[in-house]
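As a plain string of letters, each chain reads:
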Amino acid sequence: MIWSSLPTDVRRLTRPVAAKDYWDKGAIRRHVAKSFNALLIDRKEIKVHRSPVDLMIQEAGDTSSLIVFPEGGRSTTGELGEFKSGLYHLGKKRPDWELVPVHIDNLNRVLPRGEFLPVPLLSCITFGPPLWLEKGESKADFLSRAREAIIRLKEV
Amino acid sequence: MVRFAQDCRLLFMFPISPLSNPLIAWVNPNFLNTPTIVLMAVVLGLLAVVYVIGVLIQRQPESSLNPAVVRAFNSRVRAWWLMFLILTSAVLLGKTITVILFGGVSFWALREFITLTPTRQGDHRTLFWIFFLFTPLQYFLVGRGIEYYGLYSIAIPVYVYLFIAARIALAGDFKRFLERTAKIQAGMMICVYSLSYAPALLYLTFKNQDGSQWSGSPASVLFYFILIVQAGDVFQYIWSKWVGKRVIAPNINTSRTWEGFFGGTLSTTLLGTVLWGVTPFNHWQAAFMSLICSVMGFAGGMTMSAIKRDRGVKDYGTLVEGHAGILDRIDSLCFAAPVFFHLSRFIFSMNV
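Remember, it's a predicted structure, so these values are computed and weren't measured experimentally.

Novice: I keep staring at the overall build of chain A and nothing clicks. Help me out?
Specialist: The secondary structure content of chain A amounts to eight helices and five strands. The order of helices and strands in chain A, counted from the N terminus, is α-α-β-α-α-β-α-β-α-β-α-β-α. In chain A, buried positions account for 14% of the 156 residues. Long-range pairs, those at least 24 residues apart, make up 56% of the contacts in chain A with a sequence separation of at least 6.

Below, the structure is given as structure tokens:
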């Protein structure tokens, strides 16, 4: 959804990060994932020397942008869940990358978790100012700061 | 059984038949007769004048007018252009296209309505069906012609209502059950059911005062209807600004006054009477029909204002930045359309 709101030339350089165990199942899902140019991450077999974060950095290279979903899975209540630590590791390994918070309004109503048929409600995507991992910032501090940034966008 | 087979045949023939005779589908001489063309030309001229006024006001930097009022005025004028273009092209391209375009408007209005109305996750499947099955179905039935009046006039009030209630119950979430059912049903009634009566006018066979078949085009009646309802909005607004003192319901809408209502209705009735020539009505009947349109348009505006106040927004359009709310523009049409259609059918048509 974020991907479709971007201009075409930006879209070519933007890759959503998705779970391999879900998007690699069945021909249709594989086709969808391929057409979005998705970067599939294996959630089951996480190796120490090839962690998902390393894989993301390697695949993105110097040109692509990644769309990351820091909550890991979507909540059913519409409340913003706690962020997983992957975002922190990403920020630590590549401190030069801009982390742009994005909030999608109404997403839980357009396509709730577990449903496959969307309802065409009006939705609104808000992009916020980028943030970086500060020097010496702890994991918990950084994740809650990133979460706050998203919540601020919700109120705009 | 034979009758059923015929119906089936008609059902399958329907999408092909306009194509099999392209001349009639594209330029229908009965559809576009002289009074309709004259009326359209007059409206086009008026729109051009209003547009120029809007541009001139906007260009004046030191204007004494409130910029919000100017913006609202210009957005309304843009909406009229859109309405006029849709209606003109639709009328030129035939009834089926008109029905499809109105269906699109309903679909968009319903999106705005449901976006504004809180629903729960248990309503998701219900919403999917009303958007993608029942809304197109209503317009499909309207497009099948006046023979299907018996079905399309009850499809949403009865069958869709039963479906919504049962489907939400099946989803297993009982919280605020009646409220959710009523909200979705209200959206369907206002955005889809009521508005679908506007293109349904095209399928009526009107009669003259002596009972013989009217030779004019139903497209001009539809055009007349939309023009009168929109004029009613404008006249009520102007009268309210001009002499308005007694606000009808300050908690609902601060700009609608009794003076605006009576003055606007009177002006609309006069305009409708003057334009009687494009309709099968005589002077008195045209006056009566435009009076009804103005009153119903007023009722529609008040009702939608009440819903907006309840949800704490000013316009449906402000939901999404840079998007003009369609529902803000068609609220009066939605309320006036069923009444105008039913009166036309019972009093002025040969389809009773």
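Novice: Just to check I follow, could you spell out the interface of chain B and chain A for this structure?
Specialist: Where interface size is given, it is often the accessible area lost as the parts come together that is meant. Contacts between the two partners involve twelve residues from chain B, matched on the other side by eleven residues from chain A. Those elements giving two or more residues to the side of chain B that touches chain A turn out to be helix H6 (95-116) and helix H7 (124-143) of chain B. Looking at side-chain class alone, the side of chain B that touches chain A contains six nonpolar, four polar and two charged residues.

Novice: Please clarify how the sheet that holds strand S2 (residues 39-41) of chain A should be interpreted in this entry.
Specialist: One key point about sheets: their strands pair by backbone hydrogen bonds, in either a parallel or an antiparallel sense. All names here are of chain A. On the basis of which strands lie adjacent, the open sheet formed by three strands has the order S2-S1-S3 and parallel pairing. A single partner strand is all that each edge strand has here, and the edge strands are S2 and strand S3 (65-67). For this sheet the average axis-to-axis angle between neighbouring strands, irrespective of direction, equals 30°. Note: strand S1 (residues 14-19) against S2, three bridges, orientation parallel. Along S2, the bridge assignment pairs Ala19 with Ile41.

Novice: Help me out: how do you make sense of unusual backbone geometry in this one?
Specialist: Glycine aside, residues mostly have negative phi angles, and peptide bonds mostly take the trans form. Phi at Arg176 of chain B takes a positive value of approximately 50°, unusual for a residue other than glycine. Within the secondary structure, Arg176 of chain B sits in the loop between helix H9 (155-171) and helix H10 (177-200).

Novice: I would appreciate a short explanation of the packing of helix H11 (residues 218-243) of chain B against helix H14 (residues 326-348) of chain B in the present structure.
Specialist: Angle between the axes and distance between the axes are the two parameters that describe a pair of packed helices. Residue and element names in this part refer to chain B. It is at 10 Å that the axes of H11 and H14 come closest, and there the two elements cross at 135°. Taken together, the axes of H11 and H14 lie oblique to each other. Considering how the two elements wind past one another, H11 and H14 form a crossing that is right-handed. Listed contacts from H14 to Phe225, Ile226, Val229, Gly232 and Asp233 of H11 are Ser332, Leu333, Ala336 and Phe340.

Novice: How do you make sense of the nonpolar core when you look at a structure like this?
Specialist: As a rule of thumb, nonpolar side chains are buried together in soluble globular proteins. Judged by nonpolar contacts, the single largest core of 73 residues is most densely connected at Leu195, Ala198 and Phe225 of chain B. Broken down by element, this core gets its largest block of residues, 13 residues, from H11 of chain B. In this structure, Leu195 of chain B is in contact with Phe102, Val105, Ser106, Ile330, Leu333, Cys334 and Ala337 of chain B, ignoring residues within four places of it in sequence. Counting 14 residues, the second largest nonpolar core, distinct from the first, contains Ala18, Ile41, Leu90 and Leu143 of chain A.

Novice: Mind showing me how you'd approach helix H12 (residues 258-274) of chain B here?
Specialist: Since there are 3.6 residues in each turn of an α-helix, residues three or four apart along the chain are aligned in direction. Residues and elements named next belong to chain B. End to end, H12 covers 24 Å across 17 residues, agreeing with the expected 24 Å (1.5 Å per residue, within 8%). Those residues of H12 that sit buried are Gly260, Phe261, Gly264, Thr265, Thr268, Thr269 and Gly272. Summarising the axial view, the buried residues of H12 lie within an arc of 150°, below the 170-degree limit, and thus occupy one face.

Novice: Would you explain the environment of Ala306 of chain B in this entry?
Specialist: All names here are of chain B. With respect to the element layout, Ala306 can be found in helix H13 (residues 283-311). Classification of Ala306 by C-beta neighbours within 10 Å gives partly exposed; the count is 14. Spatially, the C-alpha atoms of Ala306 and His342 are 26 Å apart, while their sequence positions differ by 36 residues.

Novice: Sorry, what's going on with the pairing of S1 of chain A here?
Specialist: Regular strands place their side chains on alternate faces of the sheet. For S1 of chain A and S3 of chain A, the ladder comprises three bridges, and the chain directions are parallel. Within the sheet, the bridge partner assigned to Pro16 of chain A lies in S3 of chain A and is Ile67 of chain A.

Novice: How do you make sense of H10 of chain B when you look at a structure like this?
Specialist: For H10 of chain B, with 24 residues, the first-to-last C-alpha span of 33 Å sits near the 34 Å given by 1.5 Å per residue. When the local axis directions of H10 of chain B are compared, the greatest deviation, roughly 35°, occurs at Met189 of chain B.

Novice: What exactly am I supposed to notice about the environment of Leu162 of chain B here?
Specialist: By secondary structure assignment, the location of Leu162 of chain B is in helix H9. As for Leu162 of chain B and Leu151 of chain B, which are separated by eleven residues in sequence, their C-alpha atoms are 15 Å apart.

What counts, and where the lines are drawn
Residues numbered from 1 in each chain as written. Chains lettered and ligands numbered in written order. Predicted model: local features only at pLDDT ≥ 70, side-chain atom pairs only at ≥ 80, totals over all residues. Helix = DSSP H or I, 4+ residues; strand = E, 2+ residues; numbered from the N terminus. Buried ≥ 20, exposed ≤ 12 C-beta atoms within 10 Å, placed from the backbone. Contact = placed C-beta atoms within 7 Å. Nonpolar A, V, L, I, M, F, W, Y, C, P; charged D, E, K, R; others polar. Pairing = 2+ DSSP bridges. Axes fitted to C-alpha atoms, helices over the stretch in contact; angles between N-to-C directions. Parallel < 35°, antiparallel > 145°, perpendicular 65-115°, else oblique. Left-handed = near helix turned anticlockwise from the far one by under 90°. Core = buried A, V, L, I, M, F, W, Y, C linked by C-beta atoms within 7 Å. Expected span 1.5 Å × (residues − 1). Arc of directions from axis to C-beta. Bend = angle between axes of the 7 residues up to and from the residue.

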